[in-house]
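Each chain, letter by letter, is given below.
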Amino acid sequence: ATIYHGVAACDLTRLPWRDGSFDLVITLSPEAQHKAVDLTRTAATQVEYWPTLDPTIVEGSREQRLAAYRSVRDQLLERLKARFLTPMAGDISAGS
């Protein structure tokens, strides 16, 4: 599977949607969600919407703005782990 980083909703048409290359598309904004659903209408592709704060709207000091970006990064990392990582046998945290 190919992973595309930083693709804006308006650029989705450049990706190989129609040949069934993707099993799952995760969108982070309502606009991207609508576009992905539209583009995958005839494909066997699951589309998930993960509502995410837009860190560009945060105002304040440089540190406050960086904190907003870091928060989004950390939240996405946790969601990715929860969604895609399977606990390994013998992992002591797997049963808790």
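Residues numbered from 1 in each chain as written. Predicted model: local features only at pLDDT ≥ 70, side-chain atom pairs only at ≥ 80, totals over all residues. Heavy atoms only, no water.

Explain the overall build of the protein here, please?
A tally of regular secondary structure across the protein gives 2 helices and 2 strands. Counting the 96 residues in the protein, one finds 18% classified as buried. For the protein, long-range pairs separated by at least 24 residues make up 27% of all intrachain contacts whose partners lie at least 6 apart in sequence. Accessible area for the protein stands at about 7400 Å²; split by element, carbon and sulfur atoms hold 55% of it. (Helix = DSSP H or I, 4+ residues; strand = E, 2+ residues; numbered from the N terminus. Buried < 20%, exposed > 50% of the residue type's maximum accessible area, 1.4 Å probe, protein only. Contact = heavy atoms within 4.5 Å. Areas by Shrake-Rupley, 256 points an atom, 1.4 Å probe, with all protein chains shown as cover.)

Whenever I open this one, the pattern of salt bridges confuses me. Can you help?
It is possible for side chains of opposite charge to pair when their charged atoms get near one another. Going through the model one piece at a time under the given rule, you end up with 6 salt bridges. The closest approach of N and O atoms between Arg62 and Glu63, which form a salt bridge, is 4.0 Å. A relative accessible area of 56% means that Arg62 is categorised as exposed. Exposure remark for Glu63: the relative accessible area of 47% places this residue in the partly exposed category. A salt bridge links Arg70 to Glu63; its shortest N-O distance comes to 3.9 Å. Assessed through its relative accessible area of 39%, Arg70 is described here as partly exposed. Through salt bridges that share partners, Arg62, Glu63 and Arg70 make up one connected network. (Salt bridge = Lys/Arg side-chain N within 4 Å of Asp/Glu carboxyl O.)

Just checking my understanding: could you explain the side chain of Glu48 for this structure?
Inspection of the secondary structure puts Glu48 in strand E2 (residues 46-49). Of note is the side chain of Glu48, whose polar atom sits 2.8 Å from the side chain of Arg83. Setting aside residues no more than four positions away along its own chain, Glu48 makes contact with Leu24, Val25, Ile26, Thr27, Gln33 and Arg83. (Polar contact = N/O pair within 3.5 Å; in protein donor to acceptor, adjacent residues only side chain to side chain.)

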